[in-house]
Structure formats: structure tokens, C-alpha cells
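Examination of the molecular architecture
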Amino acid sequence: MPIAIKKGLMHVENGRIRIADIAEELGLSTATVSNVIHGKTKKISDEKVKRVQELLEKRQYIANMAGILLAQNDSKIIGVVINDHEKYEGHTLEDQFISALVNALAKEMEKADKFLMLKVTGKWRNNKMEKRKLVIPDDIKAALKEVGVKRGQALMVHTSLSSLGYVCGGAQSVIEALLESVGEEGTIMMPTQSWKNLDPKTGVYWQEPEEWWDVIRENIPAYDKMVTPTNTMGAVSEMFRQWPGTLRSDHPARSVAARGHYAGYLTENHDLSDIFGDSSPIGRLYELDGYVLLIGVDYDKNTSLHLADVRAEYPGKHTVIESSAIRVDGQRVWKDYETLAVDGEDFPVIGEAFEQTGQVRHVSLGNGILSMMSQRALVDFAVEWIGKNRK
């Protein structure tokens, strides 16, 4: 017997429409659809918001239905178990969709005078853990050589350590292998973004109660490139920013770190408003005819595609005002700056199209894949693709 709950003209049954179904039909990410459902639309174009809302209405989607169903249980305590998937790297509850879902469940529990018991567990990872491969430093060096990493190259690296399996020596082994492969005449650069140093009203603290946001804003420490940790950049980037000899750019939310011959050139004068443009570290890597190396990650992590955002022309292109806590003359201040709105939802699609050109080299390493490409080739391709396809 299918479960059916009706409210006005809306209904839901077994096989009901999910957020993922709405996202797939519109060609958007689940995070975007979830944000529209929960009213977090500041960084989403009006056109996308309208499309999502119209389809939600057409498909008669009931938000928070999971919470409503659970709240009908006779027990006062409702238990919810969340799979601590390896992709979250220990930050499951910081995922935008997961946190929005948990908040929605909690609100429905509160309405029903019930209590939410939440547990994050890695139990379901056991089978995958058993299939992990062992990776030693020599394996990493061999894979880097095979994929095309050479001495003297300037390389932007994006890494998911957990995707490789068990890496003996962890992040340290990956960094040492990268630095040895390019040599002192080469340069390694990684993203070290601290994007939580943005005004909470932009939604970056979605997992915290909205009534806390003003307090959080008043107490976020000012950006310090020597101290401020990365946010969800992964274990390798976090260790790399602290590596002896590594330099970090001054942008309080979208910094990079670099070590090697061109580290100074790549990280200096990172303008607040030109986050990913021609004068940014990404733009300067383009001038150096550098490369991009993806280690166990997809194109949604490929920061260089944001340079194509800047250079391409498309209907929805617009700027936004952001603000971050920085130090000016020794005093902590909130600094406003205008910058291009970040839009990376179509990056995996762009990456898939770019792969068809045959300009990407792939090599297996442990349980993961290394993908290496010319940054110029990628960006030039993406500029044309975005101009033709992005709305």
C-alpha cells in the first residue's frame, strides 16, 4: 500500500519526487534546488530560482516530507542516522544539503513536540574500507611521472586524499612527491580558501541558527594568512599551506598557497575583487602556461574554470557585493568588495565535454584517478563552451 499524504493540492507517494529528481530534470545541482526550497537564493540567479519553483509546484513536491512522516511516529524521540561518506572527509554536517535536511527535520520534530536524535556513522563505509588499496610514496611518484608531471612545471593541484585508498604517510607523502616531481625550478599551487570568512547572511553558516549570524559576524577572527585554516579544501591543502617555504595569497576568502620558483609571482597582490580573474593567481598561472592536476576529484573542484567564468560572456553574468573580516592598520574591520558571482554548477559538464577533446591524461593511483591537463587549453575551451551554453 503506497503511503500518501495530501496537503491542499500537493501529495507524495512511494516513488515520490526527490530533490535529486528535480535537479536532474533541470540540469542543476541538488544543492541549488535545496537552497531554493529553503529560501537561500542570494547567490542563485532569478531565472534559476523561477525554474526550480515552477517545477517544484508542477511536480507537487512537499518540502520536509521526511520530517513530517517521522513526526507521525508514536515515540517522542526520533533517531536519524547519517552516513559519514568519505567524500565529506569528516565534515558531513557541514555539507550544504545535509545540514539543510537536518535543520528541516529538526523544525518538523519541534512542531510535533518530539526530539531529534542524530548520529553520524561510518559503518556503511566498511565494505569500501575493505576494498581500499595501499598507496606508498613510490606509487605516487610513479603515477605523477606517468601522468606527465615534469621538473620545472607550474602546477595547480586539487586533491582528495581519501579517494586514493590508504596512503602511507597521508598528506605529507603526497606533498613530498609533488615537490620532488617538479623540482626547485617548478611550482606547486593549491587552493586554500577560507570561504567561511564571508558575511553569514550569504548563507555560508547555513548549519547554524540564523539568530546567531550577527553574533558570528561580529566575532569571526580577521583573516591571517599564516593562521586562518582552510574550509573543506581537504587534508593535503591544509597541510600544504603550513609547509615550510609555502607562500599564501592575501585574499581573506579565496586564497591559494604556492611553493617553488613562481610562488611569489602567483600569490602576490591577490586583489579582493579579482578573485579568479586575469590578475589573480589563476590568471597568472595561465600566463605561465601552467597545468592542472586533479587527484581523485572531479571538475567541480577545478578552480581554473572560474577564470573562464570571468572571460566568457553569458546572459546570467553578474557581480555581487561580498565582505570579509580583515585587518586594516592593525584593526579588525569588515571590508566590502564587488566581485563576479561564483557559478560552478556546470563545471562537471564542461569537464566531460573537455575530456572528449583528448587533451587530458589519466592514470590510476590506488582507488583514485589522476587527471592532468594544460590550464590554457582547459580555460580556452571553457570560455567558448560557457558562451554557447550557459544561460
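What you see is a predicted model; the values in this text were computed from it and never measured.

Here the focus is the side chain of S324. Tracing the backbone shows S324 in strand β12 (residues 319-328). Among the polar contacts listed, one links the side chain of S324 to the side chain of Y337, at a separation of 2.8 Å. Residues within four places of S324 in sequence aside, it is in contact with N197, L198, P252, A253, V333, W334, K335 and Y337.

Time to look at the environment of S279. Along the polypeptide, S279 turns up in the loop between α11 (263-267) and α12 (281-287). Under the relative-accessibility criterion, S279 is labelled partly exposed at 31%. Considered as a pair, S279 and E268 are 11 residues apart in the sequence and their alpha carbons are 9.7 Å apart.

Here we take up a nonpolar patch on the surface. On the surface, a nonpolar cluster with roughly 200 Å² of combined accessible area is contributed by L93, L118 and V120. Of note, V120 is situated in strand β4 (residues 115-121). What makes V120 partly exposed here is its relative accessible area of 35%.

The next subject is the packing of helix α7 (residues 137-147) against helix α8 (residues 170-182). Viewed as axis vectors pointing N to C, α7 and α8 meet at an angle of 40°, and their least axial separation amounts to 9 Å. Taken together, the axes of α7 and α8 are oblique relative to one another. Between α7 and α8 lies a crossing of right-handed hand. Taking contact as the criterion, the partners of P137, I140, K141 and L144 in α7 are, on α8, S173, V174, A177, L178, E180 and S181. The residue makeup of the contact of α7 with α8, split by class, is 6 nonpolar, 2 polar and 2 charged.

Attention now goes to the sheet that holds strand β8 (residues 187-191). In spatial order, the strands read β9-β10-β8-β6-β11-β15-β14; together these 7 strands make up an open sheet with mixed pairing. The open sheet has two edge strands, β9 (247-248) and β14 (361-365), and neither has a second partner. Bridge count between strand β6 (residues 154-159) and strand β11 (residues 291-295): 5 bridges; the pairing is parallel. By the bridge assignment for β11, H158 is matched with L294. Here α7 sits on the sheet in contact with β11, β14 and β15 (368-374), set at roughly 165° to β14.

What counts as what
Residues numbered from 1 in each chain as written. Predicted model: local features only at pLDDT ≥ 70, side-chain atom pairs only at ≥ 80, totals over all residues. Heavy atoms only, no water. Helix = DSSP H or I, 4+ residues; strand = E, 2+ residues; numbered from the N terminus. Polar contact = N/O pair within 3.5 Å; in protein donor to acceptor, adjacent residues only side chain to side chain. Contact = heavy atoms within 4.5 Å. Buried < 20%, exposed > 50% of the residue type's maximum accessible area, 1.4 Å probe, protein only. Patch = residues over 30% accessible without salt bridge, like charges linked within 9 Å, V, L, I, M, F, W, Y side chains within 5 Å. Areas by Shrake-Rupley, 256 points an atom, 1.4 Å probe, with all protein chains shown as cover. Salt bridge = Lys/Arg side-chain N within 4 Å of Asp/Glu carboxyl O. Axes fitted to C-alpha atoms, helices over the stretch in contact; angles between N-to-C directions. Parallel < 35°, antiparallel > 145°, perpendicular 65-115°, else oblique. Left-handed = near helix turned anticlockwise from the far one by under 90°. Nonpolar A, V, L, I, M, F, W, Y, C, P; charged D, E, K, R; others polar. Pairing = 2+ DSSP bridges.

Note that all results are geometric; they support no functional claim without further evidence.
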